[in-house]
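Structural description and commentary
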Amino acid sequence: MPEMPEVEGLVEFLRGRITGLRVDKATVSAINALKTYDPPLTALVGSTVTAVDRHGKFLDVTTDAGLHLVFHLAKAGWLRWYDALPTTIIKPGKTPIALRVGFDDGSGFDLTEAGTKKSLAVYAVRTPDEVPGIARLGPDPLGAGFDRAAFGALIAGRRTQIKGVLRAQSIIAGVGNAYSDEILHAARMSPYALAATLTDDEVDRLFTAMTETLAEAIHEARGKPPAQLKDAKRRGMRVHGRRGEECPVCGDEVRSVFFADNSLEYCATCQTGGKLLADRRLSRLLK
C-alpha cells in the first residue's frame, strides 16, 4: 500500500510535470472507483493544473476551474506515468486501469489497481474537505507545529495497541502497515504495547523514530519517477516484508504475525525482549 513517503514522491513528481498543463482527458474505466458525481469528472477537462498536494495518503490535483481531482491508491493501486499517453481504447473490465488523465502536451497518467478487491478511490470535488477520508484526517506527523508534545497528547490515555494507533488515519495521517512496522522497530517497541502505558522515554523514542523514519523515506523517494518508487520503498525496509531475513540491527530472524489480509513484521530481540508474538487472533503472547 502506498503510504506518505511514496505519495509525497508522486506529488513532487506530478508537481514538476503537470503544473501549468491543461487537462484534455479524464476518463474512468472502473466506474466503482469514482466516488462522486457532482461535479462530473468531465468538468475537469479544459481546466489548467495549478497545484499538486498531499493530504495523508490522498493526492490532490488542483485546477483553475475551482475543482480538485483527488485520489487514494488504497492497497493495490498505483500511478503509471506516460510522456506520451497511449491512444488505445480502454475496455472496462478488461484492464487494471481505473482512470486515465491526459494533458495538452500529450503526456498523462493512468491509475491502475491490481487484484480482485477494488478499493482505489477517485473524487472530483470543489474542496478537498468534501472527501470524507480527508475531512477525518489527523495531523500530518511531519507537518509544521506537530511536535513531541502534540504527539504525546494524541496518544495519551488510548487503551489501544500502538501499532493500531500509528495506522489510524484519524489520529495520525499518512502512516500505514509498512511504515508502522519500521517505526516500531526503530523505536525498539512491541507493536502490541498499549499506547496508554508508554513511559515518557518510550514516547520520546517513538516520536523520534516516527519523524526520522518518515523523513528518511521521503528523502529516498524524492526525485524518483513513479516506476522506481516501489523498489525504493522495498530497499529501505529493515523488517517489513522481510520475514525470515536477519534483523539489520541485531542479526535475529525477522518474524511475522498474520492477519486476515496483511501481516506485521518485527524483531523479537529488538522489540519484545526475545518473546515471540502470538497470532493476533490468539490475542496473547506466547509464553
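The final tally for this structure, using the stated rule, is seven aromatic pairs. Taking 6.0 Å as the distance between ring centres and 45 degrees as the angle between the ring planes, the aromatic pair formed by phenylalanine 71 and phenylalanine 109 counts as tilted. In this pair, phenylalanine 71 sits in strand 4 (residues 68–72) while phenylalanine 109 sits in strand 7 (residues 108–113), placing the two residues 38 residues apart along the sequence. Grouping residues by exposure puts phenylalanine 71 and phenylalanine 109 together as buried. Pairing phenylalanine 146 with phenylalanine 151 gives two aromatic rings, centres 6.4 Å apart and planes at 75 degrees, and the pair type is edge-to-face. Exposure remark for phenylalanine 151: the relative accessible area of 0% places this residue in the buried category.

This brings us to the layout of surface pockets. Counted as a void, the largest pocket has a volume near 740 Å³. If you go around the largest pocket, you meet 26 residues; those closest to its centre are Met1, Pro2, Lys75, Lys233 and His240. For the lining of the largest pocket, the secondary-structure elements that each account for two or more residues are strand 5 (77–82), helix 5 (177–186) and helix 7 (226–236). With three residues, the top contributor of residues to the lining of the largest pocket is helix 7. Residue composition of the lining of the largest pocket, by class: eight nonpolar, seven polar and 11 charged. If you trace the second largest pocket, you find 15 residues lining it, with Lys57, Phe58, His72, Gly133 and Gln169 closest to the centre. Partitioning the lining of the second largest pocket into residue classes produces seven nonpolar, five polar and three charged.

What follows concerns the packing of helix 1 (residues 4–18) against helix 7. Helix 7 packs onto helix 1 with a crossing angle of 155 degrees between their chain directions and a minimal axis gap of 10 Å. When the axes of helix 1 and helix 7 are compared, the pair comes out roughly antiparallel. Here the hand of the crossing between helix 1 and helix 7 comes out right-handed. Packed against helix 1, whose contacting residues are Glu6, Gly9, Leu10 and Phe13, the element helix 7 presents Pro226, Leu229 and Lys233 at the interface.

A word on the sheet that holds strand 5. The four strands are arranged 1-6-7-5 in an open sheet whose pairing can be described as antiparallel. Strands with a single pairing partner mark the edges of an open sheet, and in this sheet they are strand 1 (23–28) and strand 5. Taken pair by pair, the neighbouring strands of this sheet meet at an average axis angle of 15 degrees, ignoring direction. Relative to strand 7, strand 6 (residues 97–103) runs antiparallel, the two sharing five bridges. Looking at the pairing, glycine 102 lines up with glycine 108 of strand 7. Sitting on the sheet, helix 1 is in contact with strand 5, strand 6 and strand 7, with an inclination near 25 degrees to strand 5.

On to empty space enclosed by the protein, then. Under the definition given, this model contains one cavity of 30 Å³ or more. There is about 50 Å³ of room inside the largest cavity. Along the walls of the largest cavity sit Val23, Leu44, Val61, Thr63, Leu69, Val101 and Phe103, which together make up its complete lining. Breaking the lining of the largest cavity down by element, the ones donating at least two residues are strand 3 (58–63) and strand 6. Residue composition of the lining of the largest cavity, by class: six nonpolar, one polar and no charged.

Thresholds, definitions, all that
- Residues numbered from 1 in each chain as written.
- Predicted model: local features only at pLDDT ≥ 70, side-chain atom pairs only at ≥ 80, totals over all residues.
- Heavy atoms only, no water.
- Phe/Tyr/Trp six-rings, centres within 6.5 Å; stacked < 30°, edge-to-face > 60°.
- Helix = DSSP H or I, 4+ residues; strand = E, 2+ residues; numbered from the N terminus.
- Buried < 20%, exposed > 50% of the residue type's maximum accessible area, 1.4 Å probe, protein only.
- 1 Å grid on protein atoms, 1.4 Å probe; cavity = no way out; pocket = protein on both sides within 12 Å on 5 of 7 lines; lining within 4 Å.
- Points joined across faces, edges and corners; volume = space filled by probe spheres on them.
- Nonpolar A, V, L, I, M, F, W, Y, C, P; charged D, E, K, R; others polar.
- Axes fitted to C-alpha atoms, helices over the stretch in contact; angles between N-to-C directions.
- Parallel < 35°, antiparallel > 145°, perpendicular 65-115°, else oblique.
- Left-handed = near helix turned anticlockwise from the far one by under 90°.
- Contact = heavy atoms within 4.5 Å.
- Pairing = 2+ DSSP bridges.

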